[in-house]
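Residue-level listing of the chains:
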Amino acid sequence: MTAACLMSTYQSLALSFTRGLGTRLWDQQGREYLDAVAGVAVTNVGHSHPRLVSAISEQAGLLLHTSNLYSIDWQQRLAQRLAHLSGLDRAFFNNSGAEANETALKLARLHGWKKGIEEPLIVVMENAFHGRTLGTMAASDGPSVRLGFQRLPGDFLKVRFGDIAALETITNTFGARITAVLLEPIQGESGVLPAPPGYLQALRDHCTRHGWLLMLDEIQTGIGRTGAWFAFQHAGIVPDVMTLAKGLGNGVPIGACLARSAVAELFTPGSHGSTFGGNPLACRVGCTVLEIIEEQGLLQNAAQQGERLLARLRVELADHPQVLAIRGQGLMIGIELASPYRDLAERAAREHGLLINVTRGKIIRLLPPLTLDAKEVEMIVRAITRLLD
Ligand SMILES: *Cc1c(COP(=O)(O)O)cnc(C)c1O
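Residues numbered from 1 in each chain as written. Predicted model: local features only at pLDDT ≥ 70, side-chain atom pairs only at ≥ 80, totals over all residues. Heavy atoms only, no water.

Q: How should I be thinking about the site of the ligand in this particular structure?
A: The immediate surroundings of the ligand are formed by Ser-96, Gly-97, Ala-98, Asn-101, Phe-129, His-130, Glu-184, Asp-217, Ile-219, Gln-220 and Lys-246. Between an oxygen atom of the ligand and a side-chain N or O atom of Gln-220, the distance comes to 2.8 Å. In the environment of the ligand, an oxygen atom lies 2.6 Å from a nitrogen or oxygen atom belonging to the side chain of Lys-246. Notes on the ligand: free accessible area 380 Å², of which the protein chains cover 81%. The greatest single-element share of the shell around the ligand, amounting to three residues, is contributed by helix 4 (residues 97–114). Per-class residue counts for the shell around the ligand are three nonpolar, five polar and three charged. (Near = heavy atom within 4 Å. Polar contact = N/O pair within 3.5 Å; in protein donor to acceptor, adjacent residues only side chain to side chain. Areas by Shrake-Rupley, 256 points an atom, 1.4 Å probe, with all protein chains shown as cover. Helix = DSSP H or I, 4+ residues; strand = E, 2+ residues; numbered from the N terminus. Nonpolar A, V, L, I, M, F, W, Y, C, P; charged D, E, K, R; others polar.)

Q: Explanation requested: the packing of helix 2 (residues 50–62) against helix 10 (residues 280–295) in the structure shown.
A: For any two helices packed against each other, the geometry comes down to the angle between their axes and how far apart the axes lie. Interhelical geometry of helix 2 versus helix 10 gives an angle of 160° and a closest axis separation of 10 Å. As far as their axial angle goes, helix 10 and helix 2 are roughly antiparallel. Helix 2 and helix 10 meet at a crossing whose hand is right-handed. Here Arg-51, Leu-52, Ala-55, Ile-56, Glu-58, Gln-59, Ala-60 and Leu-62 of helix 2 lie close against helix 10, whose contacting residues are Pro-280, Leu-281, Arg-284, Val-285, Thr-288, Val-289, Glu-291, Ile-292 and Glu-295. Among the residues making up the contact of helix 2 with helix 10, the classes are represented as ten nonpolar, two polar and five charged. (Axes fitted to C-alpha atoms, helices over the stretch in contact; angles between N-to-C directions. Parallel < 35°, antiparallel > 145°, perpendicular 65-115°, else oblique. Left-handed = near helix turned anticlockwise from the far one by under 90°. Contact = heavy atoms within 4.5 Å.)

Q: What is the right way to look at the confidence of the model for the chain in this model?
A: Any region with low pLDDT has predicted coordinates that should not be read closely. On average, the chain scores 96 in pLDDT, and the residues at 70 or more come to 100%. Looking at the elements of the chain, mean pLDDT is at its lowest for helix 6 (residues 143–146), recorded as 80, and at its highest for strand 11 (residues 241–244), recorded as 99. (pLDDT = per-residue confidence, 0-100.)

Q: Is there a simple way to explain the UniProt feature "modified residue: N6-(pyridoxal phosphate)lysine" (unreviewed entry) in the chain in this structure?
A: Under the present numbering, the feature "modified residue: N6-(pyridoxal phosphate)lysine" (unreviewed entry) in UniProt falls on Lys-246. Along the chain, Lys-246 turns up in the loop between strand 11 and strand 12 (255–259). (UniProt positions renumbered as here; feature names shortened; annotations may be inferred.)

Q: I'm lost on the packing of aromatic side chains in this one. Help?
A: The geometry of two aromatic rings is summed up by the distance between their centres and the angle between their planes. Tallied over the entire structure, the rule returns four aromatic pairs. When the centroid spacing of 5.4 Å and the interplanar angle of 80° are considered together, the rings of Phe-17 and Tyr-33 count as edge-to-face. Here Tyr-33 lies in strand 3 (residues 32–35) and Phe-17 lies in strand 1 (residues 17–21), a separation of 16 residues in the sequence. Judged by relative accessible area, which is 3%, Tyr-33 ranks as buried. With a centroid separation of 6.0 Å and 85° between ring planes, the pair formed by Phe-161 and Tyr-199 is classed as edge-to-face. Of this pair, Phe-161 sits in the loop between strand 6 (156–159) and helix 7 (164–174) while Tyr-199 sits in helix 8 (residues 199–210), placing them 38 residues apart in sequence. Like Phe-161, the residue Tyr-199 is buried in the burial classification. The residue whose ring lies beneath Arg-19 is Trp-26, and the NZ or CZ to ring-centre distance is 4.2 Å. Positioned over the ring face of Trp-74 is Arg-77, at 4.0 Å from the centre of the ring. (Phe/Tyr/Trp six-rings, centres within 6.5 Å; stacked < 30°, edge-to-face > 60°. Buried < 20%, exposed > 50% of the residue type's maximum accessible area, 1.4 Å probe, protein only. Lys NZ or Arg CZ within 6 Å of the ring centre and 35° of its normal.)

Shown next as structure tokens:
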């Protein structure tokens, strides 16, 4: 088989899988791999989880799609569960992360419109990644995402991530036009960069004081990845808007935008919509994923194994001349190298049977399923130590 008929948007490895179970994948030759990518923070409860398999099979035999012309029971149930877990009030369902962020951007526009702001601005962060649609590309940073796509929607102001003084400065200049701040609590694509201590709390205060919406992109950090349901819970704050996708469907496409009531009510019938968004299959899967995480204690496991993995990596790689930093929270861990290594992900797979992701050329990103156990932590540590030797 060749990829000649596909658009060349991905630099895929010459590796293809036919089967997965839990934390393991098997390739076409039947070789087993430990999966520390999880489809980029997607398969959080592991591959082919039996409860999810039976929920999907049963729902496929009952009903896949009716459209939002009718009320959808599973959609209401999932919204209620997510509202309860997050402290937010209402949900809108999409099919992807970028779409969930578009939903948030539309809420920010309406928030400004309602206040009579003619040219509203949204504050975003340096090195942010929010998706590949025109709006979310504009909210993202870096030439790799944006090159060749000018002009993009221009209503974004970029500040340095973690820098409250920079925020004060643009507030003085543009404050009256700003409607919202959008950010990732831990920047994922740019190399697992957590917000500095106190930053999210300071942002929360700043947004409240100025009547701006605090909008958190938890597409990668949410659904247990960091050892809490949502990363903002570590900071003891609640945002006005939050977006989810990736882990919510464990591989079945779904995105969600949640908001406080007063913000959610900016949408009225006709102001937003989606044909597939919130269909019975995707929403039943979402409900089942949340149940599995709860029943298997996966938040605690992600926190505990994440700490173990971080500690063990720090011990084994402490004196490694190529390792600049090891950081992260829960099972979202980055190992920053001094310089790019060629074919790191491919060598990890071929020589050590370990799937890793490398972002920005020189940051190893580990995002294993939240079911990872202590033995597998050691397997990852051993493989990475040998890989870097
Ligand atoms: C993956 C990701 C997105 C985009 O999600 P898609 O489903 O690929 O559209 C947006 N924001 C963050 C933080 C992500 O990690």
